[in-house]
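# Secondary and tertiary structure notes
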Amino acid sequence: MYSEAAGKMTNISDLPEDLLLELLSLVPARQLICNCRLVCVLWRDVVNLPTLWKRKCQREGFSQKWNRNILDWKTFYFLCSLKKNLLKNPCAEESFQFWKLDSNEGDEWKVEDLPGEHGTDFPSQQVHKYFVTSYGSCLKSQLINLKEEGYWDQVMDEVRPDITVRDWYAARFDCGCRYELCVRLLSADYIVLHEFCPQPVVMEQWSDAEWREISHTFRNYKAGVRYIFFQHGGQDTQYWAGWYGCRVTNSSITIEPGTSA
């Protein structure tokens, strides 16, 4: 960079701090951490400024709907940017890919199109398929490796962001069924640190067949969470041949800033 007033070459580090901060706030977050912080002491200090991360949050709209005090803007930014459904293939669009069939009895699991025979439409038009169980026990699961999803150990141990689980289930109108859900937070050695395993839901024959959501948020959990185990399923309660059992779809696990953000 050439300055006519000074009559000499200058570089970006000679910019006023406010202007340097504004320029660096436009750089992708991972490049800021992995590259820009290593350039010099000045850049390291600017990248560490809460103001820089606050600007990035505001620019990307992360803080618009947040009604709590934000104590760590950098961590808040990364948690918001990482937020996604950690469960893969939640709506059966890829058949049973990514799911482990832990129990596949009776006529086994099956994928059907909404609304299905003796079923009802799903609340969201974006969901087109569901998984359905038969008369034998049918359970399927996924094991989520948090580090592989971008959640480093320090943020899970010190920040402990909220972990929210949601699942949707329904019965056929003409057949009763049972629905089960179990979610466990596991350590690196697969020790159960916390779990949400409510009592199975029994839906009687001639129910309304409406889709219902179940949800739970893990907060202030123990340090050391490295995996999330998600399992759901069930069976019909009248033991009819075919696929008359519990229907599940649109499952989700999301991680986002909690009360200590």
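Rules of the game
Residues numbered from 1 in each chain as written. Predicted model: local features only at pLDDT ≥ 70, side-chain atom pairs only at ≥ 80, totals over all residues. Heavy atoms only, no water. Helix = DSSP H or I, 4+ residues; strand = E, 2+ residues; numbered from the N terminus. Buried < 20%, exposed > 50% of the residue type's maximum accessible area, 1.4 Å probe, protein only. Contact = heavy atoms within 4.5 Å. UniProt positions renumbered as here; feature names shortened; annotations may be inferred. Domains from an automatic or database assignment. Buried area = accessible area lost by both parts, 1.4 Å probe. Salt bridge = Lys/Arg side-chain N within 4 Å of Asp/Glu carboxyl O. Nonpolar A, V, L, I, M, F, W, Y, C, P; charged D, E, K, R; others polar. Axes fitted to C-alpha atoms, helices over the stretch in contact; angles between N-to-C directions. Parallel < 35°, antiparallel > 145°, perpendicular 65-115°, else oblique. Left-handed = near helix turned anticlockwise from the far one by under 90°. Polar contact = N/O pair within 3.5 Å; in protein donor to acceptor, adjacent residues only side chain to side chain. Arc of directions from axis to C-beta. Patch = residues over 30% accessible without salt bridge, like charges linked within 9 Å, V, L, I, M, F, W, Y side chains within 5 Å. Areas by Shrake-Rupley, 256 points an atom, 1.4 Å probe, with all protein chains shown as cover.

### A closer look at unusual backbone geometry
Of note, the amide linkage connecting Leu114 to Pro115 takes the cis form, showing an omega dihedral of 0°. In this fold, Pro115 is placed in the loop between strand E4 (110–113) and strand E5 (129–132). Unusually for a residue other than glycine, Trp206 sits at a positive phi of about 65°. Within the secondary structure, Trp206 is located in the loop between strand E10 (201–203) and strand E11 (212–218). A positive phi angle, near 50°, is found at Asn220, a position not held by glycine. Here Asn220 lies in the loop between E11 and strand E12 (227–236).

### Some points on the side chain of Ser137
Along the chain, Ser137 turns up in the loop between E5 and strand E6 (138–145). On the basis of relative accessible area, Ser137 is assigned to the buried category, the value being 19%. The contacts of Ser137, once residues within four sequence positions are left out, are Ser103, Asn104, Glu105, Gly234 and Gln235.

### Some thoughts on the UniProt feature "domain: FBA" (unreviewed entry) in the protein chain
UniProt records the feature "domain: FBA" (unreviewed entry) at residues 76–257, using the numbering of this structure. Helix makes up 8% of residues 76–257 and strand 41%, and the two end C-alpha atoms of the span are 6 Å apart.

### Considering the domain arrangement of the protein chain
Looking at the protein chain, the domain boundaries give domain 1 (12–81) and domain 2 (100–256). One C-alpha centre belongs to domain 1, the other to domain 2, and the line joining them spans 37 Å. Domain 1 puts four residues into the contact, and the matching count from domain 2 is seven residues. When the buried surface of domain 1 facing domain 2 is broken down by residue, Thr75, Phe78 and Leu79 rank first, second and third, together holding 74% of it. Applying the counting rule to domain 1 against domain 2 returns zero salt bridges. The residue makeup of the side of domain 1 that touches domain 2, split by class, is two nonpolar, one polar and one charged.

### Digging into the packing of helix H4 (residues 50–59) against helix H5 (residues 73–82)
It is the contact of H4 with H5, at a shortest axis distance of 8 Å, that shows an interaxial angle of 30°. As summarised for this structure, H4 and H5 are arranged roughly parallel, according to the angle between their axes. At the point where H4 passes H5, the crossing takes the left-handed sense. Facing Pro50, Trp53, Lys54, Lys56 and Cys57 of H4, the residues of H5 in contact are Trp73, Lys74, Phe76, Tyr77 and Phe78. Along the lines of polarity and charge, the residues of the contact of H4 with H5 split into seven nonpolar, no polar and three charged.

### Side note on the side chain of Thr120
Here Thr120 lies in the loop between E4 and E5. Assessed through its relative accessible area of 16%, Thr120 is described here as buried. A polar contact of 2.7 Å, which involves the side chain of Thr120, links it to the backbone oxygen of Ala209. Once residues lying within four places of it in the same chain are set aside, the contact partners of Thr120 are Leu114, Pro115, Asp208, Ala209, Glu210 and Trp211.

### Considerations on H4
What H4 keeps buried is the set Leu52, Trp53, Lys56 and Cys57. Down the axis of H4, the buried set is contained in an arc of 135°. They therefore lie on one face. Considering only its buried residues, H4 is in contact with helix H1 (17–24), helix H2 (29–34), helix H3 (41–47) and H5. Within two residues after H4, Gly61 carries a phi angle of roughly 75°, on the positive side.

### Looking at a nonpolar patch on the surface
A contiguous nonpolar surface patch, about 260 Å² in accessible area, is contributed by Leu19, Leu23 and Leu26. Considering the arrangement of structural elements, one finds Leu23 in helix H1.

### Looking at the environment of Tyr169
As for its placement among the helices and strands, Tyr169 is situated in strand E7 (residues 162–170). The buried category is assigned to Tyr169, whose relative accessible area is 9%. Note: C-alpha distance between Tyr169 and Asn250 (81 residues apart in sequence) is 8.9 Å. In this view, Tyr169 contacts Tyr179, Val201, Met203, Glu210, Trp211, Arg212, Ile214, Cys246, Arg247 and Val248; residues no more than four positions away in its chain are not counted.

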